[in-house]
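Given next are the chains, with one letter for each unit.
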Amino acid sequence: MSLNIEERNVIVRKELERAHETFEEIEVMCQAGKWNGAANRIYYAVLHAVNALLINDGFQAVRHHGSHALFSQHYIKTGKLPVVFGRFYNNLQTLREKSDYNCFYDVEEEDVIKGMDKAKTFIDTIEKFINEEITH
């Protein structure tokens, strides 16, 4: 990715803002009992956080699977982030795909509630990781 440091920092901040905004949308979906939509928003909140991390370190993914592959290769397999984050991210993608593309599949409220807690931790950890990298 051929961005200067200022451009990269702007994009990273915008991705993190989008992660937080998308996370806030989950509450609206939950209040309306829209569990499929809430699962979708959990996935996208996490995706934006992952994209912020990748961009921060000079990586660029064109597709969702590319983000997963780069995240796994550079952060999970290297031990920079815990393996449970990789599993969670993969499980979210599977859940989103099932709920978005399979009209016979419905996400359960319990899955959304568990996913929200994990997503919040995931996003906060990535934001902290980025902020520590920027200050060092």
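Everything that follows concerns the structure shown earlier in this document.
Read on for a plain summary of the structure. Keep in mind that this is a model prediction, so the values were computed, not measured.

**Let's talk about the overall build of the protein**
So, point 1. When helices and strands are tallied, the protein shows five helices and zero strands.
So, point 2. Reading the protein from its N end, one meets helices and strands in the order α-α-α-α-α.
So, point 3. Over its C-alpha trace the protein gives a radius of gyration of 15 Å, about what one expects of a compact globule, namely 14 Å for 136 residues.
So, point 4. Expressed as lengths along the three principal axes of its C-alpha atoms, the size of the protein is roughly 45 × 25 × 25 Å.
So, point 5. Across the 136 residues in the protein, those meeting the buried criterion constitute 40%.
So, point 6. Considering only intrachain contacts with a sequence separation of at least 6, the fraction spanning at least 24 residues in the protein is 68%.

**A word on the layout of surface pockets**
So, point 1. One number sums up the size of the largest pocket: a volume of about 260 Å³.
So, point 2. For the lining of the largest pocket, the secondary structure elements donating two or more residues are helix H4 (83-101) and helix H5 (109-135).

**Observations regarding the packing of helix H3 (residues 64-76) against H4**
The relative placement of two packed helices is expressed as an angle between their axes plus a distance between the axes.
So, point 1. Taken N-terminus to C-terminus, the directions of H3 and H4 make an angle of 170 degrees; their axes are 10 Å apart at the nearest point. If you check the angle between H3 and H4, you find them roughly antiparallel. Seen from H3, the contacting residues are His64, His65, Ser67, His68, Phe71 and Ile76; seen from H4, they are Val83, Phe85, Gly86, Tyr89, Asn90, Gln93, Arg96 and Glu97.
So, point 2. The class makeup of the residues in the contact of H3 with H4 is five nonpolar, seven polar and two charged.

**Remarks on the nonpolar core**
So, point 1. Phe71, Phe122 and Ile126 are the most contacted members of the largest nonpolar core, which totals 40 residues.
So, point 2. Mapped by element, the contributors of at least two residues to this core are helix H1 (5-31), helix H2 (35-56), H3, H4 and H5.
So, point 3. With 14 residues, H2 is the single largest residue contributor to this core.
So, point 4. Setting aside chain neighbours within four positions, we find Phe71 in contact with Val50, Leu53, Leu54, Ile76, Leu81, Phe85, Gly86, Tyr89, Phe122 and Ile126.

**Description of a negative patch on the surface**
So, point 1. On the surface, a cluster of negative charge is made up of Asp106, Glu108, Glu109 and Asp111.
So, point 2. Relative to the elements of secondary structure, Glu108 occurs in the loop between H4 and H5.

**Let's talk about the pattern of salt bridges**
So, point 1. Counted under the stated rule, the structure contains six salt bridges.
So, point 2. Where Lys14 meets Glu17, a salt bridge forms, and the shortest distance between an N and an O atom there is 3.7 Å. Here Lys14 and its partner Glu17 are both found in helix H1, three residues apart, which amounts to about one turn of the helix.
So, point 3. Look at Lys14 and you get exposed, because its relative accessible area is 52%.
So, point 4. By relative accessible area, Glu17 is classed as partly exposed at 39%.
So, point 5. We note a salt bridge from Asp100 to Arg96, for which the minimum N-O separation is 3.1 Å. One end of the pair is Asp100 and the other is Arg96, both in helix H4 and four residues apart, which spans about a single turn.

Parameters at a glance
- Residues numbered from 1 in each chain as written.
- Predicted model: local features only at pLDDT ≥ 70, side-chain atom pairs only at ≥ 80, totals over all residues.
- Heavy atoms only, no water.
- Helix = DSSP H or I, 4+ residues; strand = E, 2+ residues; numbered from the N terminus.
- Rg over C-alpha atoms; globule rule 2.2 N^0.38 Å.
- Buried < 20%, exposed > 50% of the residue type's maximum accessible area, 1.4 Å probe, protein only.
- Contact = heavy atoms within 4.5 Å.
- 1 Å grid on protein atoms, 1.4 Å probe; cavity = no way out; pocket = protein on both sides within 12 Å on 5 of 7 lines; lining within 4 Å.
- Points joined across faces, edges and corners; volume = space filled by probe spheres on them.
- Axes fitted to C-alpha atoms, helices over the stretch in contact; angles between N-to-C directions.
- Parallel < 35°, antiparallel > 145°, perpendicular 65-115°, else oblique.
- Nonpolar A, V, L, I, M, F, W, Y, C, P; charged D, E, K, R; others polar.
- Core = buried A, V, L, I, M, F, W, Y, C linked by side-chain atoms within 4.5 Å.
- Patch = residues over 30% accessible without salt bridge, like charges linked within 9 Å, V, L, I, M, F, W, Y side chains within 5 Å.
- Areas by Shrake-Rupley, 256 points an atom, 1.4 Å probe, with all protein chains shown as cover.
- Salt bridge = Lys/Arg side-chain N within 4 Å of Asp/Glu carboxyl O.
- Lys, Arg positive; Asp, Glu negative; His and termini not counted.
- Charge placed at Lys NZ, Arg CZ, Asp CG, Glu CD.

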